[in-house]
Amino acid sequence: MRTFDEEIARSIQAAAKSGELGRARGYGKPIEQDPGWDSTPPALRMPMKILKDAGAAPAEIAWFHERARLRECVKAAPDEPARVGFRRQLVELEQKIALRLETLRVSGAL
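## Some details on the confidence of the model for the protein chain
Reading fine detail from the predicted coordinates is not recommended where pLDDT is low.
Then comes step 1: Averaged over all residues, the pLDDT of the protein chain equals 87, while 97% of them reach at least 70.
Then comes step 2: Element-level pLDDT for the protein chain is lowest in helix α2 (residues 42-53), with a mean of 82, against a maximum mean of 93 in helix α4 (residues 80-107).

## Here we look at the environment of Val74
Then comes step 1: As for its placement among the helices and strands, Val74 is situated in helix α3 (residues 59-76).
Then comes step 2: Val74 sits in the buried class, given a relative accessible area of 14%.
Then comes step 3: Separated by 12 residues in the primary sequence, Val74 and Phe86 place their C-alpha atoms 5.6 Å from one another.
Then comes step 4: Leaving out residues up to four positions away in the same chain, Val74 has contacts with Arg83, Phe86, Arg87 and Leu90.

How each quantity is defined
- Residues numbered from 1 in each chain as written.
- Predicted model: local features only at pLDDT ≥ 70, side-chain atom pairs only at ≥ 80, totals over all residues.
- Heavy atoms only, no water.
- pLDDT = per-residue confidence, 0-100.
- Helix = DSSP H or I, 4+ residues; strand = E, 2+ residues; numbered from the N terminus.
- Buried < 20%, exposed > 50% of the residue type's maximum accessible area, 1.4 Å probe, protein only.
- Contact = heavy atoms within 4.5 Å.

Next comes the structure, spelled out in structure tokens:
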């Protein structure tokens, strides 16, 4: 009986021999660095990448994109009242993200 790792290795070898592996997107090239990788909590990086690559990104991905957009809006705001409004939105979103991450941590999913 083969172990799971041995079965994976056998499947990869078979795909390489048949040429199927060589047709894979990005085969033989360095992995492209995702711009959101560094701003994603380390424990969530790989699960979110897998979901993103499968086209099934969770809501948290949209939150991280929105957070980056709001940070840019704060920097580019034309005046102080606009900056205050963007900062308020940013703080609210960061609290939402922090609560979600704490929920995952407490539940053991993180």
